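Residue-level structure breakdown
Residue strings, one per chain:
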Amino acid sequence: MKTLLFDIEGTTTDINFVHKVLFPYSLERMEAFILRHPQHPALDLVRKTLLEEKNIDANLETCIEALIGWIRTDRKHGALKQIQGEIWQHGYAAGDFKGHLYPDVLPAWQRWLEAGFQIAIYSSGSVQAQKLIFGYSSEGDLTPIISHYFDTKVGGKREVESYLNIQKVIGPDVTFFSDISEELDAAKLAGFKTVQVFRDEVKPSAHQSIKSFSEFSA
Ligand SMILES: [Mg+2]
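Residues numbered from 1 in each chain as written. Predicted model: local features only at pLDDT ≥ 70, side-chain atom pairs only at ≥ 80, totals over all residues.

1. Side note on the overall build of the protein
Secondary structure assignment for the protein yields eight helices and six strands. Going from N to C terminus, the protein has its helices and strands arranged as β-α-α-α-α-α-β-α-β-α-β-α-β-β. The C-alpha radius of gyration of the protein comes to 18 Å, within 12% of the 17 Å expected for a compact globule of 218 residues. When burial is assessed residue by residue, the protein has 31% of its 218 residues classed as buried. Counting only contacts in the protein whose residues sit at least 6 apart along the sequence, the fraction spanning at least 24 positions is 63%. (Helix = DSSP H or I, 4+ residues; strand = E, 2+ residues; numbered from the N terminus. Rg over C-alpha atoms; globule rule 2.2 N^0.38 Å. Buried ≥ 20, exposed ≤ 12 C-beta atoms within 10 Å, placed from the backbone. Contact = placed C-beta atoms within 7 Å.)

Here it is, written out as structure tokens:
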């Protein structure tokens, strides 16, 4: 089956949604969340990292400080992702925000689904966070039309190996859309077709470049 594989930040979704809505929301609520869940299993991972890196036997307060610091530095830590996902889940469910989607995304996806393509996602945000963005999106619940989700468990987004791992799941005929040329370079080496998405203005690129999905016919 032919697959269209999408990055999220800068491709389907405004980078500002992640940096100006999701990150601050988790930052503001981290302390209260941990105080409400002092036995949260992810805290064992936080303590393990603090022991390995700083040689400290962290109490709850130190764990909270570390998690807040990791949000500020955008550290990709499994425990942070797990806890942020749970904080965001509450935010989405409470209607505090909806997952941002550029207006051309859903019409293009509907067109491509009808043409027999499947839709898949590859983002450095956890699969859990990806499902929340599309499950509680500004266009409603899009999870029924997304066939596969991949995060950095398959590898980093600039590594060829990751795209080869994805290919093992979804097959060889894949077009990958991203705003970052290094990610597209790696995908291309794995044999993917590539399209660079520029949401502001189109800049010269070795990859096919578009400003909106309405410009692309799969
Ligand atoms: Mg991106």
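2. Details of the pairing of strand β4 (residues 174-178)
On a regular strand, one side chain projects to one face of the sheet and the next to the other, so that they alternate. Along β4, four of the five residues are buried, which leaves the element largely enclosed by surrounding structure. Relative to β4, strand β1 (residues 3-6) runs parallel, the two sharing four bridges. Along β4, the bridge assignment pairs Phe6 with Phe177. Where β4 lies against strand β5 (residues 193-197), four bridges are found, and the strand directions are parallel. Within β5, the position partnered with Thr175 by the bridge is Lys193. Regarding topology, helix α8 (residues 181-189) serves as the crossover connection from β4 to the parallel β5, and that connection is right-handed. (Pairing = 2+ DSSP bridges. Right-handed = clockwise from strand over helix to strand, strands pointing away.)

3. A few points about the nonpolar core
In this structure, Leu5, Phe6, Phe176 and Ala187 are the most contacted members of the largest nonpolar core, which totals 33 residues. Elements that contribute at least two residues to this core include exactly β1, α5 (105-114), β2 (118-122), α6 (127-135), α7 (160-170), β4, α8 and β5. Within the second largest apolar cluster, 12 residues are counted, among which are Met30, Ile34, Leu43 and Leu80. (Core = buried A, V, L, I, M, F, W, Y, C linked by C-beta atoms within 7 Å.)

4. Focus on the packing of helix α2 (residues 42-54) against helix α4 (residues 78-93)
Viewed as axis vectors pointing N to C, α2 and α4 meet at an angle of 150 degrees, and their least axial separation amounts to 8 Å. Relative to α4, α2 is oriented roughly antiparallel. As for the relative orientation of α2 and α4, their crossing is left-handed in sense. Across the interface between the two elements, Ala42, Leu45 and Val46 of α2 pack against Gly78, Ala79, Gln82 and Ile83 of α4. For the contact of α2 with α4, the per-class residue count stands at five nonpolar, two polar and no charged. (Axes fitted to C-alpha atoms, helices over the stretch in contact; angles between N-to-C directions. Parallel < 35°, antiparallel > 145°, perpendicular 65-115°, else oblique. Left-handed = near helix turned anticlockwise from the far one by under 90°. Nonpolar A, V, L, I, M, F, W, Y, C, P; charged D, E, K, R; others polar.)

5. Here's the deal with the packing of α2 against helix α3 (residues 60-72)
Two quantities define a packed helix pair, namely the angle between the axes and the distance from one axis to the other. Interaxial distance between α2 and α3 falls to 10 Å at its minimum, and their mutual angle equals 85 degrees. Between α2 and α3, the angle is such that the two are roughly perpendicular. On α3, the residues that touch Leu43, Val46, Arg47 and Leu50 of α2 are Thr62, Cys63, Ala66 and Leu67. A per-class count over the contact of α2 with α3 returns six nonpolar, one polar and one charged.

6. So, the domain arrangement of the protein
Along its sequence, the protein is organised into domain 1 (3-14 + 98-215) and domain 2 (18-93). In this assembly, eight residues from domain 1 lie in contact with seven residues from domain 2. Of the residues belonging to the side of domain 1 that touches domain 2, the class tally is three nonpolar, four polar and one charged. (Domains from an automatic or database assignment.)

7. Notes on the environment of Leu35
For Leu35, the position within the fold is in helix α1 (residues 15-36). The exposure class assigned to Leu35 is exposed, which follows from the 11 C-beta atoms found within 10 Å. When the C-alpha atoms of Leu35 and Glu215 are compared, they prove to be 49 Å apart, with 180 residues separating the residues in sequence.

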